[in-house]
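Fold and geometry: a report
Now for the letters of each chain:
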Amino acid sequence: TVGEPIEGEVLSFVPTAAQQALKGLFADKSKGIDQSVSPDRWLFERISEAAAAAANEGGVWRSGGKFILSAITRNQSPTALHRYLLSIGQKMCAEGIDALVKWTEATYNHHVSAIQINVHIDSTCFHAQHRDIYGLEQRDMAGRDCTCSFKPNIATACLSLGSTRKCLVEAETDDFSMLSKCCDCCEGYSCHHWLRSGSLMYFNDAWNKSHNHGIPVNGGDADADGRGGPRISVALLCAAADDGDALCLLPKAKN
């Protein structure tokens with residue numbers, strides 16, 4: 001059944017998302033932003049600076065094959081992240097993230113309920129295959145580090161910054177999925193999508209129920225030694241526009 005689209009599912013990519021999201025911030029001359037730097041590189045550098053400032057006090061922590069930048073409490077709400085970035089002197093990073101949130105909400109008519117900033121030091125870092133957790137029915141997928149308040153989300157918008165990496169997408173055929181195997185020897189369906197700097201990957205609940213996604217090791221840009229450079233992703237979990245109380249839902253690897 002993987003050859004047939006599921007009714008209502010959406011998986012889309014916006015190659016110029018960073019440019020669109022930061023357009024207003026760059027146009028504000030009072031911010032003093034270097035106009036010769038591309039928006040995706042500018043935000044990558046601001047988040048990198050914030051991660052360096054946060055690392056010594058516990059604001060950067062290992063999760064699986066990557067690191068996460070968040071408030072020390074690990075509260076991933078937009079408000080908690082904004083306040084934490086201001087507390088460590090990262091005002092421009094906070095404004096860049098705020099601009100991304102504002103653009104996402106306006107573009108998709110959603111309410112951003114949580115932000116997870118994933119830091120990949122190089123191409124040996126990875127994000128294990130997983131579904132994003134949108135509601136109570138997925139509680140069993142959450143791990144011990146999850147501090148979720150299981151309220152319903154409906155979509156994810158994830159901005160990629162830095163080195164290009166492959167995103168592996170696989171069809172799921174478990175009880176939660178709307179897909180099924182065609183026969184006992186069916187090996188399933190998978191494909192790769194290139195995530196280039198400044199691009200955004202968006203998917204909704206219908207797609208998330210029947211697919212997983214992740215970032216494999218060494219799947220992208222490579223230098224002469226075969227190792228890729230650093231990458232940052234900003235995953236915005238989205239609730240319906242009229243659900244302002246939806247809270248953090250932390251993705252967890254399926255295994």
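Our structure is the block above this text.
Things to note about the packing of helix α4 (residues 78-87) against helix α5 (residues 91-108)
One can describe the packing of α4 onto α5 by two numbers: an axis separation of 7 Å at closest approach and a directional angle of 160°. Regarding the angle of α4 to α5, the classification is roughly antiparallel. Between α4 and α5 the crossing geometry is left-handed. On the side of α4, the interface is formed by Leu 81, His 82, Leu 85 and Leu 86, while α5 contributes Lys 91, Cys 93, Ala 94, Ile 97 and Asp 98. In the contact of α4 with α5, the residues fall into six nonpolar, one polar and two charged.

Some thoughts on helix α3 (residues 39-55)
Over its 17 residues, α3 runs 24 Å from end to end, which matches the ideal 24 Å to within 8%, given 1.5 Å per residue. The set of residues buried in α3 consists of Pro 39, Asp 40, Trp 42, Leu 43, Phe 44, Arg 46, Ile 47, Ala 50, Ala 51 and Ala 54.

Here we look at the sheet that holds strand β3 (residues 66-69)
If you trace the seven strands from one edge of the open sheet to the other, you get β1-β9-β6-β11-β4-β3-β2, paired in antiparallel fashion. Of all strands in the sheet, those with a lone pairing partner are β1 (11-14) and β2 (60-63), marking the two edges. When strand polarity is set aside, the average angle formed by the axes of neighbouring strands in this sheet is 25°. Pairing geometry for strand β6 (residues 155-162) and strand β9 (residues 200-204), over five bridges, is antiparallel. Counterpart to Thr 156 in the pairing with β9 is Phe 203. Packing of α5 onto the sheet brings it into contact with β1, β4 (110-120), β6, β9 and β11 (231-240), and relative to β4 it is tilted by some 135°.

Notes on empty space enclosed by the protein
One simple way to see leftover space: roll a probe sized like a water molecule over the atoms. Throughout the structure, instances matching the rule amount to one cavity of 30 Å³ or more. Looking at the largest cavity, it is lined by 23 residues, and the ones nearest its centre are Asn 118, His 127, Cys 158, His 213 and Ser 233. Among the secondary structure elements, those contributing two or more residues to the lining of the largest cavity are β4, β5 (127-131), β6, β9, β10 (211-215) and β11. For the lining of the largest cavity, a count of residues per class yields 10 nonpolar, 11 polar and two charged.

Let's talk about the nonpolar core
By size, the foremost hydrophobic cluster in this structure holds 43 residues, and its most contacted members are Ile 47, Ile 97, Ile 115, Ile 117, Leu 159, Leu 200 and Val 234. Looking at which element gives the most residues to this core, the answer is α5, with eight residues. Residue contacts for Leu 200: discarding those within four places in its chain leaves Ser 12, Phe 13, Val 14, Ala 17, Trp 103, Tyr 108, Ala 157, Cys 158 and Leu 159. Listed in part, the nine residues of the second largest apolar core include Cys 167, Val 169, Met 201 and Ile 215.

Let's talk about the pattern of salt bridges
Where charged atoms from two side chains of opposite charge approach closely, those side chains can pair. Under the counting rule described, the total for this entry stands at seven salt bridges. Among the ionic pairs, Glu 95 bridges to Lys 31, the shortest N-O distance being 2.9 Å. Residue Glu 95 is found in helix α5, and its partner Lys 31 is found in the loop between α2 (23-27) and α3; the two are separated by 64 residues along the sequence. When its relative accessible area of 28% is taken as the criterion, Lys 31 is described as partly exposed. Two residues, Arg 131 and Asp 174, come together in a salt bridge whose shortest N-O distance is 2.9 Å. Here Arg 131 is found in strand β5, whereas its partner Asp 174 is found in the loop between β7 (165-171) and β8 (190-195), with 43 residues between them in sequence. A single network of salt bridges, built from pairs that share partners, joins Arg 41, Glu 45, Arg 46 and Glu 49.

Scoring rules and cut-offs
- Residues numbered from 1 in each chain as written.
- Predicted model: local features only at pLDDT ≥ 70, side-chain atom pairs only at ≥ 80, totals over all residues.
- Heavy atoms only, no water.
- Axes fitted to C-alpha atoms, helices over the stretch in contact; angles between N-to-C directions.
- Helix = DSSP H or I, 4+ residues; strand = E, 2+ residues; numbered from the N terminus.
- Parallel < 35°, antiparallel > 145°, perpendicular 65-115°, else oblique.
- Left-handed = near helix turned anticlockwise from the far one by under 90°.
- Contact = heavy atoms within 4.5 Å.
- Nonpolar A, V, L, I, M, F, W, Y, C, P; charged D, E, K, R; others polar.
- Expected span 1.5 Å × (residues − 1).
- Buried < 20%, exposed > 50% of the residue type's maximum accessible area, 1.4 Å probe, protein only.
- Pairing = 2+ DSSP bridges.
- 1 Å grid on protein atoms, 1.4 Å probe; cavity = no way out; pocket = protein on both sides within 12 Å on 5 of 7 lines; lining within 4 Å.
- Points joined across faces, edges and corners; volume = space filled by probe spheres on them.
- Core = buried A, V, L, I, M, F, W, Y, C linked by side-chain atoms within 4.5 Å.
- Salt bridge = Lys/Arg side-chain N within 4 Å of Asp/Glu carboxyl O.

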